[in-house]
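Chain by chain, the residues:
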Amino acid sequence: MKGTVGELGEFGLIRELTSRLTTTPAVRLGPGDDAAVVAAPDRRVVASTDILLEGRHFRRDWSTAYDVGRKAAAQNLADIAAMGAVPTALLLGLVVPADLPVTWAAELMDGLRDECQVAGAAVVGGDVVGGDTITVAITALGDLRNHEPVTRSGARPGDVVAVTGWLGWSAAGYAVLSRGFRSPRAFVEAHRRPEPPYHAGPAAAGLGATAMTDVSDGLVADLGHIAEASKVRIDLRSGLIDIPSQMSDIGQAVGVDPLQWVLTGGEDHAIVATFPPDAKLPARWKVIGEVLNPSALPQVTVDGAPWTSKGGWDHFGAIEDTY
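The structure displayed is predicted, hence computed values, not measured ones.

Asker: So what exactly am I meant to see when it comes to the side chain of Arg233 here?
Answerer: Along the chain, Arg233 falls in strand β9 (residues 233–236). Buried and unpaired, Arg233 has no salt bridge, with Asp235 as the nearest side chain of opposite charge at 4.4 Å. A polar atom in the side chain of Arg233 sits 3.0 Å from the side chain of Thr301. Arg233 has contacts with Glu290, Val291, Leu292, Asn293, Pro294, Ser295, Leu297, Pro298, Gln299 and Thr301, leaving out every residue within four places of it along the chain.

In structure tokens form, the structure reads like this:
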């Protein structure tokens, strides 16, 4: 593929992008008509949407188009899984400048397609528009399969807090990239392409999870949403949270306590949930805290004390503080 998206034109670009897609049994009608048709056996559809803006959520000098596609799909499909649902479909809204190489847009679609395949979903349509800044807008859909959604409001005093997936890896990778390095590669790749544990969300619902969310804005911030919705206090135990030795090495090199990344880093899209104290949790779930009665203390504490260090994602904060 040579040339730019402007030279190819809107409909030529759509043909190129949709030709790269695969499908699943849930997709009854894919791209090519006014709208897609996706099966909803449960008669309820779980839906989530998100936007990635170049310079704010990704940089082309750090990430390939394929990386951006994987990341865009992952962060939306993780929201579906965090409701206890199975991802089924994804819609793309894409804004690109006319001089963007066609190969970039095609590789973005490849990344979206491949991440959807990991989650068991498919890209079913979308729209492309010309604009000055690359913008990737995603809508993800999911199926509850006759289960009730696991919301943020069900945590109760006495529940345990458990997590599955990576914590702090993306933030550590960002610290490496921001200083001009590309290794340790595992952490850099975690920032470029998060790996949410999609199957853990529906599985947690089956295990009796009382509240659940994915860690997109930071562990303390996201558990804060559960604490607020459930009207409880959540206390995390730092000694129960695993910090890999390589993350500690990176922290020492850049002068950052790695616990800061684990508690406030975000963008790993791990799944964190509360469970009844007698729940039988598989080994993949790590208990890291407990749910307590509300008090005058902040809604989320660490080792019984407020976590006052700066961090966590704020879409309207300064880029250097939140990227």
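We are not done yet, so read on.
Asker: What should I look at first to understand the pairing of strand β6 (residues 135–143) in this one?
Answerer: Within a regular strand, the side chains alternate between the two sheet faces. For β6, the buried fraction is high: 7 of the 9 residues fall into the buried class. By the bridge criterion, 8 bridges tie strand β3 (residues 46–53) to β6 in an arrangement that is antiparallel. Directly across from Ile51, in β6, lies its bridge partner Ala137. Where strand β4 (residues 86–96) lies against β6, 9 bridges are found, and the strand directions are antiparallel. Bridge pairing in β6 links Leu92 to Ile138.

So, how was this worked out
- Residues numbered from 1 in each chain as written.
- Predicted model: local features only at pLDDT ≥ 70, side-chain atom pairs only at ≥ 80, totals over all residues.
- Heavy atoms only, no water.
- Helix = DSSP H or I, 4+ residues; strand = E, 2+ residues; numbered from the N terminus.
- Buried < 20%, exposed > 50% of the residue type's maximum accessible area, 1.4 Å probe, protein only.
- Lys, Arg positive; Asp, Glu negative; His and termini not counted.
- Salt bridge = Lys/Arg side-chain N within 4 Å of Asp/Glu carboxyl O.
- Polar contact = N/O pair within 3.5 Å; in protein donor to acceptor, adjacent residues only side chain to side chain.
- Contact = heavy atoms within 4.5 Å.
- Pairing = 2+ DSSP bridges.

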